[in-house]
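This is what each chain is made of:
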Amino acid sequence: MRRTCLYISALLACLATVSCRRTAPGDQEREVAAAGGKRLYESELAHLFTAPMPGEDSLALVESYVDMWVKKQLKVREAEKVFSGTTEDIEKMVEEYRNSLLIHRLEQFYVDTRLDSLYDDHTIEEYYTGHRGEFLLDRPIVKGAAVKVPDSYRQKKELRDLMKGGGEKYQDFIDTSLKNDFELHEFDSWTDLSHFMAVLPTSTEEAAMRIFSSREVEEIRDGGDTWYVVVTDRLAAGDPTPLERVRELIQRVLFTQRRQEIIRNAEDSIYRAALENREVEINL
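An account of the accompanying structure is given in this report. (Residues numbered from 1 in each chain as written. Predicted model: local features only at pLDDT ≥ 70, side-chain atom pairs only at ≥ 80, totals over all residues. Heavy atoms only, no water.)

### Observations regarding the packing of helix H4 (residues 121–130) against helix H9 (residues 243–276)
Axis separation between H4 and H9 bottoms out at 10 Å; the angle between their running directions is 95°. Taken together, the axes of H4 and H9 lie roughly perpendicular to each other. Residues Asp121, Thr123, Ile124, Glu125, Tyr127 and Tyr128 of H4 form the contact with H9, whose own contacting residues are Leu243, Val246, Arg247, Ile250, Gln251, Val253, Leu254 and Gln257. Of the residues belonging to the contact of H4 with H9, the class tally is eight nonpolar, three polar and three charged. (Axes fitted to C-alpha atoms, helices over the stretch in contact; angles between N-to-C directions. Helix = DSSP H or I, 4+ residues; strand = E, 2+ residues; numbered from the N terminus. Parallel < 35°, antiparallel > 145°, perpendicular 65-115°, else oblique. Contact = heavy atoms within 4.5 Å. Nonpolar A, V, L, I, M, F, W, Y, C, P; charged D, E, K, R; others polar.)

Shown next, in the form of structure tokens:
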């Protein structure tokens, strides 16, 4: 063991310093370890030293690497003994894996060099229109707002009127709520009805259906405060999902379709070229 450590220390002196000479062609390369019929040479350790480090750390790194390498070779040799009768099956599995890896890299090469993953709004809308029946809601969704107003506020009626007015009046409602620091929840994009109801002091199914269906501003008492709630837009379960909620999904679908098209065209091109060059022979 002492001899091994002395050897590794000498090896480190070569590998970890700038003055270390690379093995020239024809030189006999220094062997670091041998196990399971395999040999490990010092040049195979050079990748361990990507940055300068203290001698003790370098020694620990080399010892750890050599130890793992030796154990790996011994396990491989033992596996070859234990499974000697199935060597052909293992070689076949290795070949299949190699082929699959090469094919995957080839397909990815074609996709990377030929795929335009950007789809304009017209393409996305065209797909959405043609497949609207595939994008149906499984729950109700809404747009709207809810605001909590203290009973001490004297202009509740005016605020309520602004809230259901729409257009500039609705914006005045938002501005007034923010100015008075009221607790305001604005849902200006489609959200699940359950999420909308979650901000309110009551979220029973009966209350949810009432608010969902109402075209007026609903009131909910909450101690010394009053919640004003309005749904400005609504879609029920079974209605087509709005485009804005499925835009990214459609982009992924179009990406997948285009990818499959590129791979299929590449396969056809390779096959036709092989036929023309008489590189394919089929005997049934």
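Okay, back to it.
### Considerations on helix H8 (residues 205–213)
Where H8 is concerned, the buried positions are Ala207, Ala208, Ile211 and Phe212. Along the long axis of H8, the arc covered by the buried residues comes to 130°, so they all point the same way. Opposite the buried face of H8, by more than 90 degrees, sit the exposed residues Glu205 and Glu206. (Buried < 20%, exposed > 50% of the residue type's maximum accessible area, 1.4 Å probe, protein only. Arc of directions from axis to C-beta.)

### Some thoughts on a negative patch on the surface
Among the surface-exposed residues, Glu80, Glu91, Glu95 and Glu96 lie close enough to one another that they form a single negatively charged patch. Counting residues per element, the negative patch draws most heavily on helix H3 (residues 87–114), at three residues. Here Glu80 shows up in helix H2 (residues 55–82). By relative accessible area, which is 53% here, Glu80 ends up exposed. (Patch = residues over 30% accessible without salt bridge, like charges linked within 9 Å, V, L, I, M, F, W, Y side chains within 5 Å. Areas by Shrake-Rupley, 256 points an atom, 1.4 Å probe, with all protein chains shown as cover. Salt bridge = Lys/Arg side-chain N within 4 Å of Asp/Glu carboxyl O. Lys, Arg positive; Asp, Glu negative; His and termini not counted. Charge placed at Lys NZ, Arg CZ, Asp CG, Glu CD.)

### Description of a nonpolar patch on the surface
Residues Tyr271, Leu275, Val280, Ile282 and Leu284 make up a contiguous nonpolar surface patch of roughly 570 Å² in combined accessible area. Position of Leu284 among the secondary structure elements: in the segment after H9.

### Some remarks on the pattern of salt bridges
Considering all chains together, one arrives at 15 salt bridges under this definition. The residue Asp225 makes a salt bridge to Lys148 at a minimum N-O spacing of 3.8 Å. Residue Asp225 is found in strand E6 (residues 225–235), and its partner Lys148 is found in strand E3 (residues 141–150); the two are separated by 77 residues along the sequence. Measuring nitrogen to oxygen at the nearest pair gives 3.9 Å for the salt bridge that ties Glu216 to Lys164. Placement of Glu216 in the loop between H8 and strand E5 (218–222) and of Lys164 in the loop between helix H5 (156–163) and helix H6 (167–179) is noted, with a sequence separation of 52 residues between them. Glu216 gets classed as partly exposed once you look at its relative accessible area, which sits at 43%. Put simply, Asp138, Arg139, Asp192 and Arg245 are held in one network by salt bridges that share partners.

Read these as geometric descriptors, not functional statements.
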